[in-house]
Every structure is written in C-alpha cells, then in structure tokens.
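Observations on the model geometry
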Amino acid sequence: MLRRFVPFACFSTVLATALLGIRGMAEPEKVDARACIPGNAWVYVEFGPGQNTDWKEYLFGGLPADERAEAEKALDDIWKEFTAEASKAAGTDVGKLVQQLDRVHFALLDFHLVNTVRDFGGGIGQKYESQRPDVDMVMAIRSKEKGFFGGLMEGDFKKYLQPGADYRNRKTWTLDTGAGGSSDAETVASLHMAAVGDTVFLANVRKSLEAMLDAADGGEVPGGTISTNPDFVRAQKAAGKDPVLLGFVNLKTVLDAVEASLSRDDLREYQMADAVAGQSSLRSAVVFSGLEGKYGWSGASLFLDSKNELWSILRQAPARKDLLRFIPASCVGATVFTLNDPAGTWEKTQAFIQAKLDQLADENDRDDFRQGLSRFESELGVSVSDMLAAVDDEIGWCGISTEDGRFDESSQVVFIELKDVDKARAVIESIRNGGMLEELGGEITSREYEGITLYSFEGGRAPIGYMILDKVFVLTFSGETQAALVDAYKAGKVLENDPQYKLAMKKLPAENSKLVYYNAGAFMRAVATAARELDPEVAEKLKGKGDQGVAIVTVEKADEATMLCGAELNSEYYASIVKAALPAMQEQREEAKQRMAETNLQMMQFGFAAWVNQKGDGRDYPTSLQDLVDDGLIGAGSLQAEAGGPDPRYTYCYPPKGFGTDGAFVLVVENQAFADGRQAVLRFNGTVDWVAGDALKEELRKQDERIAEDMEEAVGDARAALKDAGDDRKEALEKKLKFLEAYKAEVDARVKSK
C-alpha cells in the first residue's frame with residue numbers, strides 16, 4: 001500500500017506544481033495599462049489614436065475622389081520612405097510596429113533632486129555643482145495583438161537586450177542605455193522590461209517594473225494607481241472618451257521636492273520668488289486633448305488650492321467678455337481674462353510680498369522691494385496704484401495676420417478695459433512726461449483714421465502705438481495693425497459676431513471667467529504664407545476653404561480654475577492643406593535627393609581622377625568603386641545603399657583603353673531613380689547628368705557595344721604586359737587580366753542578350 005502511495009504522492013505533487021506553474025504563467029488577453037501606473041506620478045501622459053479614428057478619412061474626407069487619391073498616394077510615399085529608413089536603423093519592421101501600437105502610457109515617479117557636478121570650459125577643470133531631477137520613469141505600451149511585444153523581445157530586439165531575472169515565472173529583459181550610473185538606481189542607465197498579454201512594461205527601476213507586473217496580474221500597486229488619483233480622474237472626465245492625448249502634471253509634488261532639497265539660504269530666496277506667484281499652494285496642473293469624429297478637443301487645466309493667494313487675483317464670477325467687440329474675427333488667436341479689482345489686488349499683493357520679505361529676508365534686504373518699486377514708478381512717471389485705478393477688470397490679447405497671411409511679433413495687440421477714460425488719459429500723459437520715454441528716445445505723434453485718434457511712438461527703439469476705442473485702451477506694435485483693428489471694429493468683423501467663434505462656443509459651458517480662442521484657419525494661412533518657398537501657390541490653393549475656431553474657457557468654481565476646449569474642424573480645409581503641402585514637400589525632397597546625388601557623384605569623380613594620377617599614370621583606371629574606398633579616396637559609407645534603395649547603389653562602367661578621350665562615357669550610374677524616373681550619371685569628363693530611364697538604357701546599350709569592340713584589344717594589351725612584366729608587377733597584372741577577361745565576358749553577354 002505504502003509502495004503505491006509514494007509514487008502517487010510524487011506524481012500528484014509534480015502535477016500540482018505544473019498546474020500552478022501554468023496558472024502563474026496565465027495572462028490576460030488585454031491589460032488595463034492605466035491601472036498599472038503608480039498613482040504617485042508627478043507627470044503622466046498617455047496618447048494614441050482613437051479606436052475608431054480613420055485618419056485618412058479625417059485628413060482627406062472633404063476632397064473629390066481623384067484629388068483624394070493623389071493626396072493619399074503622396075502621404076503613402078512619404079510614409080514608406082520614413083518606415084524604410086527607420087526599419088533599417090531599428091532592425092525590425094517599423095511600419096508593422098507602428099500599426100500595432102494601440103496606446104502609450106508614460107509616467108515619471110517620485111520627483112526629487114540629486115546633487116551633480118558638471119564640467120565646463122572644455123575639460124580644463126571648471127566645475128559647477130548643481131542639482132538635477134532624478135529619473136524614475138515607467139512606461140506601458142499596448143499593442144493590438146496579444147504577444148506582439150513579447151515576440152519582438154524574443155526576436156528582432158533580442159540582440160539589443162540582456163536577459164534579466166525572472167519575476168513570478170515571467171521573463172524580464174534589460175537594455176543598457178549607455179547613460180552610465182547604477183543599473184538599478186533612479187537613473188536612465190538601464191531599462192527593465194517585460195511583456196504581459198498585449199502590453200509591454202518598461203521602467204528605470206526594477207521595483208517599479210515589478211509593481212506594474214503585480215498590478216497586471218491582479219495585484220495592488222502600493223499607494224494606488226494613476227486611475228484612482230482624484231485630480232487625474234477630474235481631468236480624465238473632462239477629456240471625454242477615447243482622447244488622443246491625456247496628460248497630468250502634479251506641480252505640488254515638484255515644488256515640495258524642490259523646497260525639501262534647498263538649504264536655508266536658498267530656501268529663503270526660493271520662497272521670496274515663490275511668494276510673487278503663490279506657487280507653493282498649487283495642487284496640480286492638467287492638460288488634455290482628444291478627437292471625436294470630426295470634432296477635435298484640446299485644452300489645459302490648472303487646479304488651485306482654494307486658500308492660494310493667487311486665487312484671489314482671479315475673478316470667480318463669469319466674465320462679461322466685452323472685449324470680444326474689439327478683437328478682429330480674423331485673429332490668429334485671442335485671450336480674454338478677468339481680474340478681481342486690479343487696484344485692490346495690487347495693494348494686497350504688495351502687502352503679501354512685503355510680509356514674506358519681513359519674515360524671511362535679512363534686515364538689510366527688507367527695503368529692497370519698496371526701493372525698487374519706488375525707482376520703477378519714478379522712471380515710469382506714475383505710480384502703479386494710480387495706473388490701476390483707471391483700469392477695469394477685463395484684459396485681452398490677440399494676434400492678427402495681414403491679408404497676405406503674415407504674422408509676427410508686431411502683429412500682437414493688448415486690450416485693457418478702462419474704468420475711467422479721463423483718469424486713463426491723465427495716466428498716459430504722466431507716462432509721456434516721465435523719464436522712461438526719454439531714455440527710449442523719440443516722441444509720441446498722432447493721426448486721425450476713420451474718426452479714431454491713433455498714437456504712435458516715433459523715432460524710438462520700440463515701435464509702440466495705442467488708441468482708445470470706446471472704453472478700451474488698445475496697445476499695438478505697428479501702424480498697419482492699428483488700421484486693421486479700426487477697420488474690423490467699424491465693420492463689425494469681430495469675434496462677438498463671428499460664426500466660427502459661436503460654433504466653437506456651443507461646445508463649451510456658457511459661463512466662464514477666462515477665454516482662449518484659437519483660429520485654425522488664420523493660423524494655417526500664416527503657415528501657408530511661410531511655406532511659399534516650398535510652393536508659391538499654396539496660399540492661393542487654400543483660399544475660400546473656410547476657417548475653424550477653437551475656444552478654451554475657464555469655468556468658475558470656488559476651488560478650481562478648469563480650462564476646457566471645443567473645436568469645430570473642417571475636414572475639407574485640412575484636406576486641402578495636406579493636398580497642397582504634400583506635393584511641395586515631395587518636390588523639396590526630390591530636389592534634396594538630386595543635390596545629394598550630384599555631390600556624391602562629384603566626390604567619386606575627384607577620387608577617380610586622384611586614383612588615375614597616382615596609380616594609372618593616365619593609362620589605367622580602377623576596376624571598381626571599391627578601389628577608391630580601399631585607397632581612402634572616397635568614404636565607404638558613400639557606396640552603401642539607402643534604406644529601401646537598390647542594392648548595389650551604383651553601377652560602375654569600366655572604361656577600356658581609348659575611352660579616356662570620350663567625355664560622354666557613362667562612368668557611374670546612381671541606381672536609385674527619382675520620382676520622375678530619371679537617374680543620375682557621372683560622365684568621364686566629370687559632369688553629372690540626369691537621364692530618363694528609357695534613354696539611359698539605350699545609351700548604356702550603345703556604350704556596351706563600343707566597349708565590347710575594344711575589350712579584345714584591352715585584354716590583349718594586358719596579356720602582353722604580363723608576359724614582359726618583372727616579378728614585382730606580375731601579381732597585380734594577373735589580377736588585372738583576370739578582371740578584364742571577366743568583364744569582357746559580362747559585356748559580351750549583355751550585348752548578345754540585347
């Protein structure tokens with residue numbers, strides 16, 4: 001009985017162990033990557049195309065069928081060229097890799113600073129001690145098929161990786177980044193990685209990788225995951241479903257770590273600067289964007305602690321947005337925000353800063369702020385308090401482009417709502433009489449335009465102008481911009497009446513205290529104008545395709561300032577841009593390839609001439625382009641085929657005796673044709689030509705016939721030279737004769753076949 005039991009017990013133990021092992025290796029088809037990222041991340045970003053996003057339809061959906069086919073082909077050509085280059089460098093099919101990517105999750109954990117010493121001055125001993133952020137990075141990348149990344153690590157990528165210690169019956173790998181440092185410290189010295197189901201995890205720190213693997217197997221991450229972080233959850237809800245990009249930044253973690261790393265003296269200086277913005281009370285900042293069908297969504301959020309001193313500066317009641325009556329609808333972008341009692345806020349800010357200084361600064365430094373402010377006001381010619389007393393609570397900015405699409409620094413405009421126009425004029429006069437303008441030089445002049453007085457600072461170093469429209473002070477930087485503003489204001493072509501602005505605003509809450517408006521159409525016209533060097537007709541092609549607006553607003557709440565965004569995108573417009581830009585890009589790329597081909601062939605000509613002078617004595621020629629490389633006359637890399645290009649890259653035509661006087665002889669052919677079918681050739685006389693494919697074939701056919709006629713003589717001469725040669729030349733001549741005989745047979749075969 002016992003004899004039977006012992007084998008059975010052993011067999012059962014082995015079976016149970018095997019089953020447990022199988023269970024331990026079991027893994028899900030799909031992994032919730034977000035639930036595997038530790039929640040203490042101070043930076044978190046995830047991105048990837050929406051599951052149902054048809055990018056070609058999004059880009060080209062508004063084009064007629066024939067134009068769409070043309071644009072798609074241009075984009076496909078660019079993509080093929082890129083993936084071919086990238087695949088050669090990476091050692092795997094990058095096109096397939098990109099197609100497999102589903103979602104990328106990236107996070108930086110445990111922000112802290114470490115001491116570091118940097119060497120300046122070209123290594124002559126000048127050292128500088130400082131602190132830098134340490135790196136504890138984690139990533140989770142999902143594929144569309146289970147096991148894809150595991151296959152890469154066992155296959156194409158295996159040569160780059162070193163096997164790591166198994167973790168819970170799961171293989172891990174390590175990649176040495178070459179950055180140095182400890183292989184398991186919070187540095188970028190190494191990447192630890194492992195694949196689970198459809199996801200590969202990467203981390204600088206081994207314990208971070210293990211934590212993510214535990215979560216993927218159903219365990220818990222110490223401290224929770226990013227998906228349970230309340231601030232991140234708020235941003236994720238605002239971003240909506242399936243966002244293209246979702247990001248999170250926890251500024252408080254960063255700022256607390258900075259404070260903890262500073263010495264007492266450094267901390268005092270940091271807090272003095274911090275006091276101006278009240279940054280120490282920032283809780284977190286969030287950015288997000290996405291894509292849903294034909295609507296694009298993007299935005300940024302800044303969450304403020306309700307006790308933050310900075311919060312008192314921001315208006316909590318909805319903004320009136322009166323300035324929209326003055327901002328041209330054609331603007332590239334605009335911002336409008338509201339302050340709570342500017343004059344009162346300024347007094348509170350002064351008191352707050354001075355209190356911080358009295359608390360932290362040395363006794364001799366406490367008056368520096370007051371003295372510096374007093375000097376500034378004296379130079380300005382008016383006190384900041386008097387200036388703000390004339391200002392109301394709405395401030396705006398916009399950038400406008402001219403009719404030809406130009407936009408630069410001089411196209412910016414600042415709008416300030418005035419509480420009292422008479423007080424504002426008195427402030428302006430005080431500034432005009434102050435010392436600051438005298439230091440700048442020049443004088444203020446005025447002119448009348450459409451019933452509005454335009455003021456300009458003439459002859460000074462700053463091209464400043466201003467005017468007062470209704471109860472709004474408008475600061476400009478060019479006379480052209482001034483006139484454009486007045487024209488738009490008089491004609492009612494302003495944001496308040498603009499249909500694109502209204503369309504974008506329908507996507508957003510009606511009440512808000514901050515507005516950021518972005519006009520995609522005006523911006524793209526500016527880009528098109530800048531791209532005229534690529535294609536002078538780009539701007540013309542885009543006329544009449546429509547504008548799009550993007551509006552970002554800050555929603556008022558007692559404890560946060562949240563920015564949301566809505567965008568109405570016109571697929572026909574973007575399709576037109578792509579269609580116009582891609583051919584121009586292809587043309588530029590072809591021109592660049594042509595210049596590179598010409599340069600390479602000319603370098604070969606220099607090497608060819610040098611070889612003949614050194615070795616050929618004017619009567620002999622190299623037997624291959626490799627001869628030029630072996631003798632150091634051209635670089636080896638110049639003969640290598642480009643990714644996706646023909647192999648070999650060049651065809652070398654050996655010129656037998658007598659061809660030296662024929663300058664039209666095709667010496668070298670660049671085997672990679674341009675888009676129009678032409679190929680670059682180097683002729684014996686040193687010129688580079690571009691010959692159409694069929695014409696080149698015919699020229700080479702005739703050239704082979706001429707070569708074949710002279711090869712018999714060339715071989716005979718080589719045999720005679722070998723017969724009369726001394727021992728010191730026999731080996732070289734035997735090699736040359738062998739080459740000539742093989743080359744003759746090759747040319748004869750080509751002539752016979754044609």
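Fair warning: this is a prediction, and the values are worked out from it, not measured in the lab.

1. What to know about the overall build of the protein
- Each helix and strand counted, the protein has 22 helices and 26 strands in total.
- With 754 residues in all, the protein has 42% of them scored as buried.
- The long-range share in the protein, meaning contacts at least 24 apart out of those at least 6 apart in sequence, stands at 63%.
- For the protein, the computed accessible surface area is about 39300 Å², with 54% contributed by carbon and sulfur atoms.

2. Focus: the sheet that holds strand 23 (residues 650-652)
- In space, the 4 strands of this open sheet follow the order 23-24-25-26, with antiparallel pairing throughout. Edge positions in the sheet fall to strand 23 and strand 26 (688-692), since each of these pairs with one other strand and no more. In this sheet, adjacent strand axes meet at a mean angle of 30 degrees when their direction is disregarded.
- Direction of pairing for strand 24 (residues 666-670) relative to strand 25 (residues 678-683): antiparallel, over a ladder of 3 bridges. Bridged to Val669 within strand 25 is Val681.
- Of the strands in this sheet, strand 24, strand 25 and strand 26 touch helix 21 (residues 693-724), which is tilted by about 110 degrees from strand 26.

3. Examining helix 13 (residues 421-433)
- Given a rise of 1.5 Å per residue, 13 residues ought to cover 18 Å, and the 18 Å separating the end C-alpha atoms of helix 13 matches this to within 8%.
- For helix 13, the set of buried residues is Val421, Ala424, Val427 and Ile428. End-on view of helix 13: buried residues confined to an arc of 115 degrees, all on one side of the axis. Opposite its buried face, helix 13 presents the exposed residues Asp422 and Asn433, each directed more than 90 degrees away.
- Capping the start of helix 13, Asp420 holds a side-chain oxygen 3.0 Å from the backbone nitrogen of Asp422, two or three residues further along.

4. Focus on the confidence of the model for the protein
- For the protein, the average pLDDT comes to 74, and 66% of its residues sit at 70 or higher.
- Within the model, the stretch residues 1-25 combines pLDDT values under 50 with 4 contacts to residues more than four positions away or in other chains.
- Counting contacts from residues 551-566, a segment whose pLDDT is below 50, to residues more than four positions away or on other chains yields 81 contacts.

5. Some words on the pattern of salt bridges
- This model, assessed by the stated rule, comprises 25 salt bridges.
- Residue Arg432 pairs with Glu429 through a salt bridge whose shortest N-O separation is 3.2 Å. Of this pair, Arg432 and Glu429 both sit in helix 13, separated by 3 residues, roughly a single helical turn.
- Using a relative accessible area of 39% as the deciding quantity, one classes Glu429 as partly exposed.
- Here Arg649 and Glu670 are joined by a salt bridge, their closest N and O atoms 3.7 Å apart. Residue Arg649 is found in the loop between helix 20 (625-630) and strand 23, and its partner Glu670 is found in strand 24; the two are separated by 21 residues along the sequence. Take Arg649 and Glu670: they sit in the same class, and that class is buried.
- The network of salt bridges with common partners includes Glu698, Arg701, Lys702 and Glu705.

6. Notes on the side chain of Ser456
- Within the secondary structure, Ser456 is located in strand 17 (residues 452-458).
- Judged by relative accessible area, which is 16%, Ser456 ranks as buried.

7. A short note on the packing of aromatic side chains
- Under the criterion given, the structure shown has 13 aromatic pairs.
- Aromatic pair Tyr621 and Tyr654: ring centres 6.4 Å apart, planes at 65 degrees, arrangement edge-to-face. In this pair, Tyr621 is assigned in the loop between helix 19 (571-616) and helix 20 and Tyr654 in the loop between strand 23 and strand 24, connecting sequence segments 33 residues apart. Tyr654 shares its class with Tyr621; the two are buried.
- Through successive ring pairs, a cluster of aromatic residues spans Phe608, Tyr621, Tyr654, Phe684, Phe739 and Tyr743.

8. Section: the nonpolar core
- By size, the foremost hydrophobic cluster in this structure holds 37 residues, and its most contacted members are Leu601, Met604, Leu625, Tyr652, Leu667 and Val668.
- Every element with two or more residues in this core is listed here: helix 19, helix 20, strand 23, strand 24, strand 25, helix 21 and helix 22 (727-753).
- If you tally residues by element for this core, the top one is helix 21, at 7 residues.
- What Leu667 contacts, discounting residues up to four positions off in sequence, is Gln605, Phe608, Thr651, Tyr652, Cys653, Pro655, Leu682, Arg683 and Phe684.
- By size, the runner-up hydrophobic cluster in this structure holds 25 residues, among which are Ala194, Val196, Leu209 and Val221.

9. Description of helix 3 (residues 65-90)
- An ideal rise of 1.5 Å per residue puts 38 Å on 26 residues; helix 3 measures up with 36 Å between its terminal C-alpha atoms.
- Among all positions of helix 3, only Arg68, Ala71, Glu72, Ala74, Ile78, Thr83, Ala86 and Ser87 are buried.
- Of the residues trailing helix 3, Gly91 is marked for its positive phi of about 80 degrees.

10. Section: the pairing of strand 19 (residues 472-476)
- Within strand 19, 4 of the 5 residues are buried, leaving the element largely enclosed by the surrounding structure.
- Pairing between strand 15 (residues 412-418) and strand 19: 4 bridges, direction antiparallel. Looking at strand 19, one finds that Phe415 is bridged to Val474.
- As judged from the 5 bridges shared by strand 18 (residues 465-469) and strand 19, these two strands associate in the antiparallel manner.

11. Section: the environment of Ala641
- Its location among the elements puts Ala641 in the loop between helix 20 and strand 23.
- For the pair formed by Ala641 and Gln672, sequence separation is 31 residues and the distance between their alpha carbons is 8.8 Å.
- Beyond its immediate stretch of four places on either side in the chain, Ala641 contacts Lys88, Pro646 and Arg649.

12. Let's talk about unusual backbone geometry
- Phi is positive for Arg168, close to 50 degrees, though the residue is something other than glycine.
- With respect to the helices and strands, Arg168 occurs in the loop between strand 6 (162-163) and strand 7 (173-176).
- Look at Arg168 and you get partly exposed, because its relative accessible area is 48%.
- Residues other than glycine seldom take positive phi values, yet Asp470 does so here, at roughly 55 degrees.
- As for its placement among the helices and strands, Asp470 is situated in the loop between strand 18 and strand 19.

Reading the values: rules and limits
Residues numbered from 1 in each chain as written. Predicted model: local features only at pLDDT ≥ 70, side-chain atom pairs only at ≥ 80, totals over all residues. Heavy atoms only, no water. Helix = DSSP H or I, 4+ residues; strand = E, 2+ residues; numbered from the N terminus. Buried < 20%, exposed > 50% of the residue type's maximum accessible area, 1.4 Å probe, protein only. Contact = heavy atoms within 4.5 Å. Areas by Shrake-Rupley, 256 points an atom, 1.4 Å probe, with all protein chains shown as cover. Pairing = 2+ DSSP bridges. Axes fitted to C-alpha atoms, helices over the stretch in contact; angles between N-to-C directions. Expected span 1.5 Å × (residues − 1). Arc of directions from axis to C-beta. Polar contact = N/O pair within 3.5 Å; in protein donor to acceptor, adjacent residues only side chain to side chain. pLDDT = per-residue confidence, 0-100. Salt bridge = Lys/Arg side-chain N within 4 Å of Asp/Glu carboxyl O. Phe/Tyr/Trp six-rings, centres within 6.5 Å; stacked < 30°, edge-to-face > 60°. Core = buried A, V, L, I, M, F, W, Y, C linked by side-chain atoms within 4.5 Å.

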